[in-house]
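Structure assessment
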Amino acid sequence: MEGKSEMIATWLKKHRLIYTGATRHPFILNIRDGSIDLSSFKRWLAQDYIFVRASVPFVASILLKAWKESDDSSDMDLILSGMAALNDEIAWFKSEASKWGVALHSVVPHKANLDYCRFLESVMSPDIEYAVAITAFWAIEAVYQESFAHCLEDGSRTPEELKETCQRWGNTGFGQFCRSLRNIANRHLEKASDDVLSKAEVILIRVLEHEVEFWNMCSGEI
Ligand SMILES: Cc1ncc(CO)c(N)n1
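As annotated in an unreviewed UniProt entry, the protein chain is aminopyrimidine aminohydrolase from Abeliophyllum distichum. Under the heading Pathway (unreviewed entry), UniProt records this for the protein chain: "Cofactor biosynthesis; thiamine diphosphate biosynthesis." You can read under Sequence similarities (unreviewed entry) in the UniProt record for the protein chain the words "Belongs to the thiaminase-2 family."

Glancing now at the overall build of the protein chain. Check the secondary structure of the protein chain and you find ten helices and zero strands. Helices and strands in the protein chain line up, N terminus first, as α-α-α-α-α-α-α-α-α-α. For the protein chain, whose C-alpha radius of gyration is 17 Å, the value lies close to the compact-globule estimate of 17 Å for 222 residues. Here the C-alpha coordinates of the protein chain stretch approximately 50 × 35 × 30 Å along the principal axes. Burial status across the protein chain gives 51% buried among its 222 residues. Restricting to contacts in the protein chain with at least 6 residues of sequence separation, those with at least 24 account for 88%. Accessible area for the protein chain stands at about 10500 Å²; split by element, carbon and sulfur atoms hold 54% of it. For the protein chain, the distance from the average site of its 24 positive side-chain charges to the average site of its 32 negative ones is 1 Å.

Our focus in this paragraph is the pattern of salt bridges. As enumerated under the stated definition, the model contains 15 salt bridges in all. With its nearest N and O atoms 3.1 Å apart, the salt bridge here joins Glu96 to Lys99. Placement of the pair is Glu96 and Lys99 together in helix H5 (residues 74-100), with a separation of three residues, close to one helical turn. Ionic pairing is found between Lys111 and Asp115, a salt bridge with its closest N-O pair at 2.7 Å. Linking Lys111 with Asp115, this pair stays in helix H6 (residues 111-123), spanning four residues, or about one helical turn. The exposure class of Lys111 is exposed, given its relative accessible area of 60%. Exposure remark for Asp115: the relative accessible area of 23% places this residue in the partly exposed category. A network of salt bridges, in which partner residues are shared, links Asp71, Asp72, Asp75, Arg187 and Lys191.

Tracing the backbone through its elements, the reader meets Asn113 in helix H6. At a separation of 2.9 Å, a polar atom in the side chain of Asn113 contacts the side chain of Gln47.

The next thing to look at is the side chain of Glu211. Tracing the sequence through the fold places Glu211 in helix H10 (residues 194-219). Although buried, Glu211 forms no salt bridge, and the nearest oppositely charged side chain, Arg24, lies 12 Å from it. Glu211 has contacts with Ala22, Tyr116, Ile140, Val143 and Tyr144, leaving out every residue within four places of it along the chain.

Time to look at the nonpolar core. Formed by 79 residues in total, the largest nonpolar core has its most connected members in Ile31, Trp44, Phe58, Ile134, Phe148 and Leu189. Among the elements that line this core, the one with the most residues is helix H7 (residues 130-150), at 14 residues. Excluding anything up to four places from it in sequence, Phe148 contacts Ile28, Ile31, Trp44, Thr165, Cys166, Trp169, Gly170 and Trp215.

Quick look at the UniProt feature "domain: Thiaminase-2/PQQC" (unreviewed entry) in the protein chain now. Here, the residues flagged by UniProt with the feature "domain: Thiaminase-2/PQQC" (unreviewed entry) are residues 13-218. This span, residues 13-218, is 79% helix and 0% strand, and a straight line between its end C-alpha atoms measures 27 Å.

Here the focus is the environment of Gln176. Tracing the backbone shows Gln176 in helix H9 (residues 172-190). With a relative accessible area of 41%, Gln176 lands in the partly exposed category. Each C-alpha atom of the pair Gln176 and Gln145 lies 9.9 Å from the other, and the pair is 31 residues apart in sequence.

Here is what the cut-offs are and how they apply
Residues numbered from 1 in each chain as written. Predicted model: local features only at pLDDT ≥ 70, side-chain atom pairs only at ≥ 80, totals over all residues. Heavy atoms only, no water. UniProt positions renumbered as here; feature names shortened; annotations may be inferred. Helix = DSSP H or I, 4+ residues; strand = E, 2+ residues; numbered from the N terminus. Rg over C-alpha atoms; globule rule 2.2 N^0.38 Å. Buried < 20%, exposed > 50% of the residue type's maximum accessible area, 1.4 Å probe, protein only. Contact = heavy atoms within 4.5 Å. Areas by Shrake-Rupley, 256 points an atom, 1.4 Å probe, with all protein chains shown as cover. Lys, Arg positive; Asp, Glu negative; His and termini not counted. Charge placed at Lys NZ, Arg CZ, Asp CG, Glu CD. Salt bridge = Lys/Arg side-chain N within 4 Å of Asp/Glu carboxyl O. Polar contact = N/O pair within 3.5 Å; in protein donor to acceptor, adjacent residues only side chain to side chain. Core = buried A, V, L, I, M, F, W, Y, C linked by side-chain atoms within 4.5 Å.

Here it is, written out as C-alpha cells:
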C-alpha cells in the first residue's frame, strides 16, 4: 500500500499541471513582469474582498471542526491566528480600495466568485470531515502564497504600487503559516480512511480549479 505520510506531496506531484495553472496563472505572471492592466488589478481587489468576507465563516467552520475532532490543541491556535489575519485583511482591503478608487459596497460578485463562495459553503457542512476541510484551507492559502511570492522573487518587475499586495501573501510569515497548515493536513490525512482520502484529493482539485477560474475572471473583459 502507498505511504500516507506525505499525502499533500503525493497529490501535488500527481496534479502538478493544475497546481502550476493556479500558482503561475497569466494574471500573476503579468504582475510579475509589470504588464498587468490596472483595471484587472482593481477587478481582482473588488472581487477578492467578497471572497475574503466569505472566508470568515469558512475558517470559523474549520475552527469548530478542529475543536471537535483534533487531538492537538495547537491546531486551534493556528486556525485562530488565520481568523485574526482575516480581520486585518478585511481592513486592508477597505483602505486599499479607497486608495484605488474602488467602491467596495457596490461590487457585484462575478459568476466564478459566486461559484467559489458556494463551494466554500459546501465545505462548511458538518458532514465534511476535518481532514478534508483543512486540506481545502491549506490549498486556498497555498495558492495565494506561491503566486504572490513569485511576484517578489529576484528578477521580478512587479510595479511598485502592487508590491504591498504581493507582500501580504508572499511574505515569509505567511509562508510559515501555510507550511503549518500543510503539516496539520498531512497529519490528519495519515490517519484517515481511504474514503476520506479520496474526498480530500477531490476537494484539493476543486480548490485548484476554482482558483484558476478566479484568476481567469480577474483577467477577462467581463
Ligand atoms: C480567491 C482567493 N484565494 C485564496 C485567497 C487567500 O486567502 C484569497 N484571498 N482569495
